[in-house]
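Commentary on secondary and tertiary structure
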Amino acid sequence: MDSKAGGIFRRLPLGRTLALALIGLTLALGAIAAVAIRDLYEARQGYERALARTYAVEVAGSRLVAASVAEQAARTPAARRRTASVFRREARRTRLAARGDARSAALVRRARRAEGAVRAGAGTGAAEAMRGGGRAGATPVRPAVEALALRQTARRGGAREDTRAESRHALATAAVAGGLALLGALLLVGALIASIRRPLEDLVGATRRLAAGELGERVRPRGPEELSDLGTAFNAMAEKLGEAHTRIEVERSKLATTIESLGDALVVCDRAGTITAVNPRAGEVVPMLVPGERADAPDSPLPPLEQALLAEVTRESGDRTLSVTAASLGGEDGYVWTIRDVSERARLERIKSDFVATASHELRSPLTSIKGFVELLARSGDLGPREREFVDVILESTDRLVDLVNDLLDVARLEAGSMEVRPRLFDLGEVVREVAELLRPRFESREQWLDVHLPAGMPRALADPVRARQIVTNLLTNAHQYTGEGGHAGVSLTHDGGALVLTIADSGRGMTEEELLRVFDRFVRRPDGAGGTGLGLAIVKSLVDLQGGSIDVRSRTGEGTVFTVRLPAEPLARPLADRPAALRGSRVLVVEDEPHVAAVIREQLRELGVETAVAHTGDEAVERLREERFDAMTLDVMLPGRSGIDVLHALRADPELRDTPVVVVSALSDEQALLGELTVSKPVAAGELAAALASAMSSRRAEPAGAK
């Protein structure tokens, strides 16, 4: 049955098969119902016709009796002839009515013979006796007619029984046919279900085996068209899945080989920070990091996860220098740490930096002597024109060499992270004006026009004035060098929100798009440049970044160049004169080991309406900062136990305390650790301390130079 049904249904879609089956079942049941109704109707019609015929015979018999009575009652020959004619007509009608039943027809003939016998003269006396001496209505026809009526009653009873039998037969036939039709429908549906069930079971089983890893699993497409197509699609999917699995295994093998042969250590952790896997290189570089251990264990060389996710972090681990980065594996899969041993690179960088610094320092002494004696020689009046020309060339070359040495020293400091940046409030416009006046003779020597636009009322800059002067000098020098004779250069200063915007433009040669991409790279010079070390713009970019600013450049060949520098400005939430008043109501932690100095600072701040608390050690300061809320902190460097430098490191490493405004109050300062913090020297001046605290509280603390 299944194979036959499968052969039938395989060629048809499932929906069409179901539709045809339902239509066939409906038509069969409708035909059966129509036949049954027809048979019932015909049985009823036959019964009604039988009733009509029997009643017609009875009525005709009654009329025949009446005609016989009338004929017997006639007195004259004419009346007898007329009534005899009526009797014969009624006899014909009765015979026609009883034509369908032999016994009824015999009874009609019997009545006619009885009437004929009387009419033929079976005896005048007898006829007279019947007319005059018999009972009323007596006629020789009556017995036969009465028998005819009884026959009709019997016929009606027989017709009734026949009708009932025919109805039962019709209903039985309809029931049997309906049952057979329903059985056929059930068989059809069963065959259809069987043709669906087997392929579905094969598909379900194959799917489970495929999910369990049996990638060679396939099915034989069969059943209705949809299931056959589904089986074909399953086989195609399994084929593709097998091919993909093969490719993945190949790539996984390549990746495993690559990871095992990597020169970098890889450490995989789950979301909780537990190490789940390491590569062989990790056993050499970070042997303390093994599966099952915590990535943030006390002896772990890994930095805080948040730092490693943002940028590369350099850490010292024993005699190794490690470069560490982290990346999220997505979702709940955890993180992967990449740890590179950069000890050799760090050593070479230190050697290079030491060499540059040493060479630069060693060059300074002979350069100082050369420059000094050449200047003395230039001022001598005993030189001839030719000798004076030689001296001018020597002096110019010496100046260029001094600039190169200074740039190299700055690069060395930047690479070592020891470039000192001391932000404080100062007039940036005044710095720009001084540098412009200092360089104006250079511009005039080439007939260049230098335009300086410095509006009044500008807020002060919150930056290092020494480094700001270096930025302005380098940019103006660059504009002078790359602008031809008779050209134009301009410097302007504007205020935009929380920043001062310094714009230096020139009408020089401009730069191509390729040159713009490398404009801040070190030792990059244009082929047509007018000298320079190729370090000036790289140093400017680093100095701007160290002070929390930004620098942009726009240029087109033949149309000049525009540099735009943004440096932090003093916030203007209050007038400058009311700046100390901004401290009123704030809470400041005074960290100072000398009680009398702490008392002086507290008194100075109390007069400004500042609430203060004192911590005499670094540990006490960190503990109070974590337990209480302070708007700012004054910090002495020379503290017993944990020094002020260590306190700064603790603040910078704590996500909740890293933005605490700090003003360093000390006679000493560490060039690297205090970078980015406002500093007030001892003895403490009340106005300077108030201004420094107000500036620190109203602006975000600058990041230290060289911080990663």
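Residues numbered from 1 in each chain as written. Predicted model: local features only at pLDDT ≥ 70, side-chain atom pairs only at ≥ 80, totals over all residues. Heavy atoms only, no water.

Below, the discussion takes up the overall build of the chain. Helix and strand counts for the chain come out as 19 helices and 17 strands. Counting the 708 residues in the chain, one finds 39% classified as buried. A fraction of 64% describes how many contacts in the chain between residues 6 or more apart in sequence connect residues 24 or more apart. Accessible area of the chain: about 38600 Å², with a carbon and sulfur share of 56%. (Helix = DSSP H or I, 4+ residues; strand = E, 2+ residues; numbered from the N terminus. Buried < 20%, exposed > 50% of the residue type's maximum accessible area, 1.4 Å probe, protein only. Contact = heavy atoms within 4.5 Å. Areas by Shrake-Rupley, 256 points an atom, 1.4 Å probe, with all protein chains shown as cover.)

It is worth spelling out the environment of S542 at this point. Tracing the chain through its elements places S542 in helix α15 (residues 536–546). For S542 and F520, which are 22 residues apart along the polypeptide, the C-alpha to C-alpha distance reads 9.2 Å.

So, about the packing of aromatic side chains. Summed over all chains, the structure comprises 1 aromatic pair. Look at F520 and F563: their rings are 6.5 Å apart centre to centre, the planes differ by 65°, and that puts the pair in the edge-to-face class. Taken together, the residues F520 in the loop between α14 (513–517) and α15 and F563 in strand β12 (residues 560–568) connect sequence positions 43 residues apart. Looking at R156, its charged tip hangs above the ring of Y55, at a distance of 4.1 Å from the centre. (Phe/Tyr/Trp six-rings, centres within 6.5 Å; stacked < 30°, edge-to-face > 60°. Lys NZ or Arg CZ within 6 Å of the ring centre and 35° of its normal.)

Sheet architecture is open: 5 strands sit in the order β14-β13-β15-β16-β17, paired in parallel fashion. Both edges of this open sheet fall to β14 (611–615) and β17 (678–680), since each of them pairs with a single strand only. Pairs of neighbouring strands in the sheet enclose a mean axial angle of 25°, with direction left out of account. Relative to β14, strand β13 (residues 587–591) is paired through 5 bridges, and the arrangement is parallel. The residue bridging V588 from the neighbouring strand is T612, located in β14. (Pairing = 2+ DSSP bridges. Axes fitted to C-alpha atoms, helices over the stretch in contact; angles between N-to-C directions.)

It is worth spelling out a positive patch on the surface at this point. A grouping of R88, R89, R92, R95 and R112 is seen on the molecular surface, where their side chains present a positively charged patch. Per element, the largest residue contribution to the positive patch is 4 residues, and it comes from helix α3 (residues 77–97). The exposure class assigned to R89 is partly exposed, which follows from its relative accessible area of 34%. (Patch = residues over 30% accessible without salt bridge, like charges linked within 9 Å, V, L, I, M, F, W, Y side chains within 5 Å. Salt bridge = Lys/Arg side-chain N within 4 Å of Asp/Glu carboxyl O. Lys, Arg positive; Asp, Glu negative; His and termini not counted. Charge placed at Lys NZ, Arg CZ, Asp CG, Glu CD.)

As summarised here, the arrangement of the 5 strands in space is β7-β9-β10-β12-β11, forming an open sheet in which the pairing is mixed. Every other strand in the sheet has two partners, leaving β7 (449–453) and β11 (550–556) as the edge strands with one partner each. Averaged over all neighbouring strand pairs, the angle between strand axes comes to 15°, with direction disregarded. The pairing of strand β9 (residues 488–496) with strand β10 (residues 499–506) spans 8 bridges and is antiparallel. Looking at the pairing, V491 lines up with I504 of β10. Against the sheet, helix α12 (residues 428–445) contacts β7, β9, β10 and β12, and its axis sits at roughly 170° relative to β7. Lying on the sheet, α15 is in contact with β11 and β12; it crosses β11 at an angle near 145°.

Ranked by size, the top nonpolar core spans 43 residues in total, and within it L428, L475, L476 and L502 carry the most contacts. Ranked by residues supplied to this core, first place goes to α12 with 7 residues. If near-sequence neighbours (up to four positions away) are discounted, L502 is found in contact with V432, V472, V491, S492, L493, F563, T564 and V565. By size, the runner-up hydrophobic cluster in this structure holds 23 residues, among which are V590, L605, L678 and A696. (Core = buried A, V, L, I, M, F, W, Y, C linked by side-chain atoms within 4.5 Å.)

So, on to α12. Its 18 residues place the ends of α12 26 Å apart at the C-alpha level, agreeing with the 26 Å of an ideal helix rising 1.5 Å per residue. Along α12, the sharpest change in direction is near 40° and occurs at L439; proline P441 comes one to four residues later. Immediately beyond the C-terminal end of α12, within one or two residues, lies E447, with a positive phi of roughly 55°. (Expected span 1.5 Å × (residues − 1). Bend = angle between axes of the 7 residues up to and from the residue.)

A side chain with one charge can pair with a side chain of the opposite charge if their charged atoms come near. Considering all chains together, one arrives at 27 salt bridges under this definition. Residue D264 is joined to R340 by a salt bridge in which the shortest nitrogen-to-oxygen separation is 2.9 Å. Separated by 76 residues along the polypeptide, D264 in the loop between α7 (225–261) and β1 (265–269) and R340 in strand β5 (residues 335–341) bring together distant segments of the chain. Classification of R340 by relative accessible area gives partly exposed; the value is 40%. D496 is paired through a salt bridge with R566; the nearest N and O atoms lie 3.0 Å apart. Placement of D496 in strand β9 and of R566 in strand β12 is noted, with a sequence separation of 70 residues between them.

Bringing the pairing of β9 into the picture now. For a regular strand, the rule is simple: side chains alternate between the two faces of the sheet. Two strands pair when backbone bridges link them, and β7 and β9 are joined in this way by 5 bridges, in the parallel orientation. Residue pairing for β9: H453 is matched across the bridge by S492. Count of turn residues in the β9/β10 antiparallel hairpin: 2 residues, of which G497 carries a positive phi of about 65°.

This part covers the pairing of strand β3 (residues 313–317). Pairing of β3 with strand β4 (residues 320–328) involves 5 bridges; the strand directions are antiparallel. Bridge assignment links E316 to a residue of β4, and that residue is T321. Joining the antiparallel neighbours β3 and β4 is a turn of 2 residues, in which G318 adopts a positive phi near 65°.

Let's shift gears to the confidence of the model for the chain. Mean pLDDT over the chain stands at 79; residues scoring 70 or higher make up 86%. Segment residues 573–579: pLDDT under 50, and 7 contacts once partners within four positions in sequence are set aside and those in other chains are kept. Every residue in residues 700–708 scores below 50 in pLDDT, and together they form 17 contacts with partners more than four places removed in sequence or on other chains. (pLDDT = per-residue confidence, 0-100.)

Packed helix pairs are specified by the crossing angle of their axes together with the interaxial distance, meaning the distance between the axes. Packing of helix α13 (residues 465–481) against α15 brings their axes to within 10 Å, and their N-to-C directions diverge by 150°. Between α13 and α15 lies a crossing whose hand is left-handed. Listed contacts from α15 to R467, Q470, I471, N474, L475 and N478 of α13 are G536, L537, I539, V540, L543 and V544. The residue inventory of the contact of α13 with α15, partitioned by class, reads 7 nonpolar, 4 polar and 1 charged. (Left-handed = near helix turned anticlockwise from the far one by under 90°. Nonpolar A, V, L, I, M, F, W, Y, C, P; charged D, E, K, R; others polar.)

Time to look at α13. Taking 1.5 Å as the rise per residue, α13 with 17 residues should run 24 Å; its terminal C-alpha atoms sit 24 Å apart, in good agreement. The opening residue of α13 is D464, an N-cap whose side-chain oxygen sits 2.9 Å from the backbone nitrogen of V466. (Polar contact = N/O pair within 3.5 Å; in protein donor to acceptor, adjacent residues only side chain to side chain.)

Let us look at unusual backbone geometry. The backbone of E447 sits at a positive phi, close to 55°, despite the residue not being glycine. Summarising the element assignment, E447 is placed in the loop between α12 and β7.

Moving on, we come to the environment of R442. Relative to the elements of secondary structure, R442 occurs in helix α12. Sequence separation of R442 and H480 is 38 residues, and the distance between their C-alpha atoms is 7.6 Å. Excluding residues within four positions of it along the chain, R442 makes contact with T477 and H480.

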